[in-house]
Amino acid sequence: MISEKLKKAREYEEKYAGYIPEEERPAYHLSPMIGWMNDPNGFSYYQGKYHLFYQYNPYDIKWGPMHWGHAVSEDLLHWEYLPCALAPDTQYDGAGCFSGSALELEDGRQLLMYTGVREEVKENGVRDTLQTQCMAVGDGLNYEKYEGNPVLTEENLPQGGSRYDFRDPKIWREKDGSFAAIVANRSDDESGSLLLYRSEDGFQWKLASMVDRCYNEFGKMWECPDMFELDGKTLILTSPQDMCRSGLEFHNGNNTMYLMGTFDPKSGEFVRESLGSIDYGIDFYATQTMLAPDGRRIMVAWMQNWDACVTPVNNPRWFGQITVPRELRVKDGRLIQNPVREIEKLRGRRVHHNIVLCNETTLQGVYGRVMDMTVTITPVKGDVYERFRLKLAQGSRHYTVITYKPLTSVLKLDRSNSGSCRDVVHERSLVVRRQEGKIRLRVLMDRYSIEVFVNDGEQAVSATIYTPQTANGVSFEIVGQAMLEVDKYDLCV
Ligand code: FRU
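Caption draft 1: Broad picture of the overall build of the chain. Scanning the chain from N- to C-terminus turns up 1 helix and 33 strands. For the chain, whose C-alpha radius of gyration is 23 Å, the value lies close to the compact-globule estimate of 23 Å for 493 residues. The C-alpha extent of the chain, read off along each of the three principal axes, is 70 × 50 × 45 Å. For the chain, the proportion of its 493 residues judged to be buried stands at 60%. Residue pairs at least 24 apart in sequence account for 59% of intrachain contacts in the chain once pairs closer than 6 positions are excluded. Entry remark: accessible area of the chain is about 19,800 Å², with carbon and sulfur atoms responsible for 47%. Within the chain, the 70 negative side-chain charges are centred at a point lying 5 Å from the centre of the 57 positive side-chain charges.

This is the structure:
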């Protein structure tokens, strides 16, 4: 049975299908079919295809009544839109179907777990949104909300847990076939906590433990949690809100953070060993991972920053993009991320250069807006240069610039001249592992974004840009001299 609200959303989609010309969207990053997108949801592999749902308001390019948009792909890069999957159409989710996740049931159905939001007037007369966890079951196209919804309510919260901040369930199967989910909550100290729930059948859930909490140390509320084993470690990913800057590791506002450690399933206790930022760029939030059939742990995120959500003037029909899917690994206590290997299949014309760089130069064949380019800088005979600059998406008035100073080992991304006419954050710096001036930058560009993978994925830096597509120049500049190697591929989608 399709509700009126879902029907309306699907009819709206049909009406606007194809309305946005392909070349006005990212080429290989998922953007909403129409309207607004935020968090990736339900990232999973189901019946031969990758499924990626997303927080979605089809009717506007602003956040609004949250639906779940839906797309599928065979290679994580070419996405095909499916009809809107969930609409806020019940008493328990009428104010929004917030973020959640998906997996396949034994009987072949697809199970979605999401946050149902409904408005409530509090005792003091203030309106707030009550959040509960809900299930829906479907065939990869149509989903029926579970008659027992909501499955997790304030009754399943630990003492002091807030019923107004209880969201973003990430579900998985344990080796014994049982189900587990990690859910974000706010504790009585006003900051985040992460709750682990367990279920035998995927529908009846019980609180197992609080796996970690913020204690007001890393921002406030922790959103969009995820938890998985990787290379012998337990990883928890979360997106803290309201952070204060901490050196160059965390910036003001919404961040993403990984916690690495060990987890004891018996006691439900997680012991942190290290933590850090997941992405050091401007636009990156609300990560979600999935385990691919070949064993890879693959992560996506919303390639946007809540505080920088200003409507670009040149693009009035869609807003929001998902990052390139990234393969995760753990190395020396750090989270390593690289674009999925499928991207190599998109590689077209290759251009390769190896030169001594001693001023500013462009290189034959090195330009474009949809490309995969690796730039390696190596000092000549230990003679460390002062500063290296890579300018991208360059036109007569525009460019995005990445600067590296080996003396401080600080890398900076600056998109101040990248087409935005808003006074929001346009620069971000990070400390890179010191390697006597050597640095490798893999730059993935799409029409409206730049993602940089530093030193084989030790750090990532993501940002959206709004530069006209004609601004497709690339140049290299150095103060001092160094060897410059450039390996550039056009990406053919
Ligand atoms: C994160 C978030 C989630 C919530 C969703 C609502 O960006 O705030 O916590 O489920 O967005 O759209």
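Caption draft 2: Layout of unusual backbone geometry. A cis geometry characterises the amide bond from Asn-149 onward to Pro-150, with omega recorded as -10°. Tracing the backbone through its elements, the reader meets Pro-150 in the loop between β8 (143-145) and β9 (166-173). Its identity as a non-glycine residue notwithstanding, Tyr-215 has a phi of 50°, on the positive side. Looking at where Tyr-215 falls in the secondary structure, it is placed in the loop between β12 (206-213) and β13 (222-230).

Caption draft 3: A look at the sheet that holds strand β6 (residues 110-121). Across the sheet, which stays open at both edges, the 4 strands sit in the order β5-β6-β7-β8 with antiparallel pairing between neighbours. The open sheet has two edge strands with one neighbour each: β5 (96-104) and β8. The mean angle between the axes of side-by-side strands here comes to 30°, regardless of whether they run parallel or antiparallel. Bridge count between β6 and strand β7 (residues 127-138): 12 bridges; the pairing is antiparallel. The residue of β7 that forms the bridge with Gln-110 is Gly-138.

The rules behind these values
- Residue positions within a chain follow its written sequence, with the count starting from 1.
- For a predicted model such as this one, the threshold for reporting local features is a pLDDT of at least 70, and the threshold for listing and counting side-chain atom pairs is 80 or more; totals across whole chains, interfaces and linings nevertheless cover every residue.
- Note: side-chain values were computed over all heavy atoms of the structure, leaving out hydrogens and water.
- The way it works is that DSSP assigns letters per residue, a run of H or I at least four long becomes a helix, a run of E at least two long becomes a strand, and they are numbered from the N terminus.
- The globule rule used for comparison is 2.2 Å times the number of residues to the exponent 0.38, while the radius of gyration itself is calculated over C-alpha atoms.
- Exposure categories follow from relative accessible area, calculated using a 1.4 Å probe and restricted to protein chains: below 20% of the type maximum is buried, above 50% is exposed, and the middle band is partly exposed.
- Contact definition: two residues touch when any of their heavy atoms are within 4.5 Å.
- The Shrake-Rupley method, run with a 1.4 Å probe sphere, supplies the accessible areas, and residue values consider only the shown protein chains as cover.
- Residues counted as positive are Lys and Arg, residues counted as negative are Asp and Glu, and His and the chain ends are not counted.
- Note that the charge is assigned to NZ on lysines, CZ on arginines, CG on aspartates and CD on glutamates.
- At least two bridges found by DSSP between two strands is the condition for calling them paired.
- What counts as an axis is a line fitted to C-alpha atoms, over the stretch in contact for a helix, and the angles between N-to-C directions run from 0 to 180 degrees.

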